[in-house]
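If you want the building blocks of each chain, they are given just below.
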Amino acid sequence: AAFMTQRRTAPKFMERGEPGAERWLSVELRLVADVGFLGMPNAGKSTLLSSATAAKPKIANYPFTTIVPNLGICDMDEESSGLVLCDIPGLIEGAAQGTGLGFSFLRHVQRCKVLLHVVDGTSEDPIGDFKTLNNELAMYDDLLAKKPQVVVLNKVDVSEVREQEEELMAQLREAAGHSRVMKISAATTQNVQELMRRLNKFVEAERKNIVEGQEDDVMLAEVDLSKAALDGDSDDYEIISDPAYPGQWRVKGPYIEQVAKMTHWEYPEAVERFGRQLAALGIADELHARGGMEGDLIMIDEYDFDFAPGMTNPYIPEELLEMDAMWDEKRSKDQQAPRAMLLNNDDEEEEKPVWRPFNKGGYMDMDKDEIVEFNDDGGWDLLDDDFDLSPELMEGDEVWMS
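This one's a predicted model, so the numbers in the text were calculated from it and none came from an experiment.

Student: So, a nonpolar patch on the surface: which residues are in play, and what are the values?
Tutor: A cluster of nonpolar side chains, namely Met-323, Met-326 and Trp-327, defines an oily patch on the protein surface of about 340 Å² accessible area. Looking at where Trp-327 falls in the secondary structure, it is placed in helix 11 (residues 318-336).

Shown next as structure tokens:
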């Protein structure tokens, strides 16, 4: 019904449905948590998660004990919704370039609202470890370096750490640039509850900032699937040719490629309509201007066809096309011939053939002398003069007389 017009009252072709949008998407799973635990391997992150929540992560005295992120929920009180804590596997120098599965671990940090940096007090250089991890965050994503952080000095229950905790705390405040620094012992749960209470208040404040638009969350990539190919500019096309392959043309463009996909190439009328669209869009004229000849190979997306500037239907047999051209030529000659002002009535009119119901056979091809019919006076026209109309009597027949 969409193609019906006053001239084409019964169209015999249809259009394919418009293909849907196609995209190749790379989907990554990123855990969403309120607080993400960062730190060097064996810094005590899993121990802190087990002390603050009911989670039971694997804990051992060697690096990279945790190879997948662990989640836990810290229930504070009835008024609070609780904290979702994420224990992220240990990061090392070069994690931003993928060292130590850094890509697999850092992507989970992007969805955390607050980062809890766990510093191992027993490390040879705790302050250096803290700076190294912050540099890796900045190299991986600028937004990660801007995320709010809370720094804790862990393992203060160890005597060596307890002796220099004041000095380490002062150095951490200076390196972090803020005062959100605490000392804890995840193994003995020292100051763990106090840390969770402070984190809860801090996360609530960050949630309000995000709602009010004061803090930009991580910008996620978005794919626009609303715009179809037919919504684009029909004049946005490109004609490509290669001198190494003369007579071959590649037409590229989202609009014309979508039209080709929607064309029913099995219907001759649809092929003619596609030819008219090529002419209406100016593609046929552009091909002709660039040297395109009839019969050249035209390629649009995955469809190949011969170039026909006159929009000749390829499904019509050649003999019919030749006959049509012959009649057109004869008609044009008749139109060009001069017309006579007076008719010559002296010319003998051509004898018109007598109408007959059959070209051959039938009663008109029979000998008229052998036909028996009624005369004008209602009598019989006999075949022979001595033809006797009286019936032939057989032996035993009875004759009734009136």
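Student: Outline the sheet that holds strand 1 (residues 33-38), supporting the account with residue identities and numerical values.
Tutor: What links the strands of a sheet is backbone hydrogen bonding, and the strands pair in either a parallel or an antiparallel sense. Pairing is mixed in the open sheet, where 6 strands are placed in the order 2-3-1-4-5-6. Only two strands of the sheet have a single partner each, and these edge strands are strand 2 (70-74) and strand 6 (181-183). Taking each pair of neighbouring strands and ignoring which way they run, the sheet shows an average axis angle of 25°. With 5 bridges connecting them, strand 2 and strand 3 (residues 83-87) associate as antiparallel partners. What sits directly across from Gly-72, in strand 3, is Leu-85. Most of the contacts of helix 3 (residues 126-140) go to strand 4 (residues 112-120), to which it runs at about 150°, and overall it touches strand 1, strand 4 and strand 5 (149-154).

Student: So what about the sheet that holds strand 7 (residues 238-241)? Which residues, and what values?
Tutor: Strand order across the open sheet formed by 4 strands is 7-8-9-10, with mixed pairing between neighbours. On the outer flanks of this sheet lie strand 7 and strand 10 (303-306), each paired with one strand and no other. Taking the axes of each pair of neighbouring strands and ignoring which way they run, one obtains an average angle of 25° across the sheet. Judged from the 4 bridges that link them, strand 9 (residues 297-300) and strand 10 form a sheet pairing that is antiparallel.

Student: Any details on the packing of helix 8 (residues 254-262) against helix 9 (residues 268-280)? Residues and values, ideally.
Tutor: It is at 11 Å that the axes of helix 8 and helix 9 come closest, and there the two elements cross at 170°. With respect to helix 9, the element helix 8 is oriented roughly antiparallel. The segment helix 8 lies against helix 9, with Ile-256, Val-259 and Ala-260 engaging Phe-274, Gln-277 and Leu-278. Taken together, the residues that form the contact of helix 8 with helix 9 break down as 5 nonpolar, 1 polar and no charged.

Student: Just give me the short version of the pairing of strand 10, but keep the residues and values in it.
Tutor: Here strand 10 shows a buried face lined by Tyr-303 and Phe-305 and an unburied face lined by Asp-304 and Asp-306. In this antiparallel pair of consecutive strands, strand 9 and strand 10, the connection spans 2 residues, and Asp-301 shows a positive phi of 55°.

Rules and cut-offs
Residues numbered from 1 in each chain as written. Predicted model: local features only at pLDDT ≥ 70, side-chain atom pairs only at ≥ 80, totals over all residues. Heavy atoms only, no water. Patch = residues over 30% accessible without salt bridge, like charges linked within 9 Å, V, L, I, M, F, W, Y side chains within 5 Å. Areas by Shrake-Rupley, 256 points an atom, 1.4 Å probe, with all protein chains shown as cover. Salt bridge = Lys/Arg side-chain N within 4 Å of Asp/Glu carboxyl O. Helix = DSSP H or I, 4+ residues; strand = E, 2+ residues; numbered from the N terminus. Pairing = 2+ DSSP bridges. Axes fitted to C-alpha atoms, helices over the stretch in contact; angles between N-to-C directions. Contact = heavy atoms within 4.5 Å. Parallel < 35°, antiparallel > 145°, perpendicular 65-115°, else oblique. Nonpolar A, V, L, I, M, F, W, Y, C, P; charged D, E, K, R; others polar. Buried < 20%, exposed > 50% of the residue type's maximum accessible area, 1.4 Å probe, protein only.

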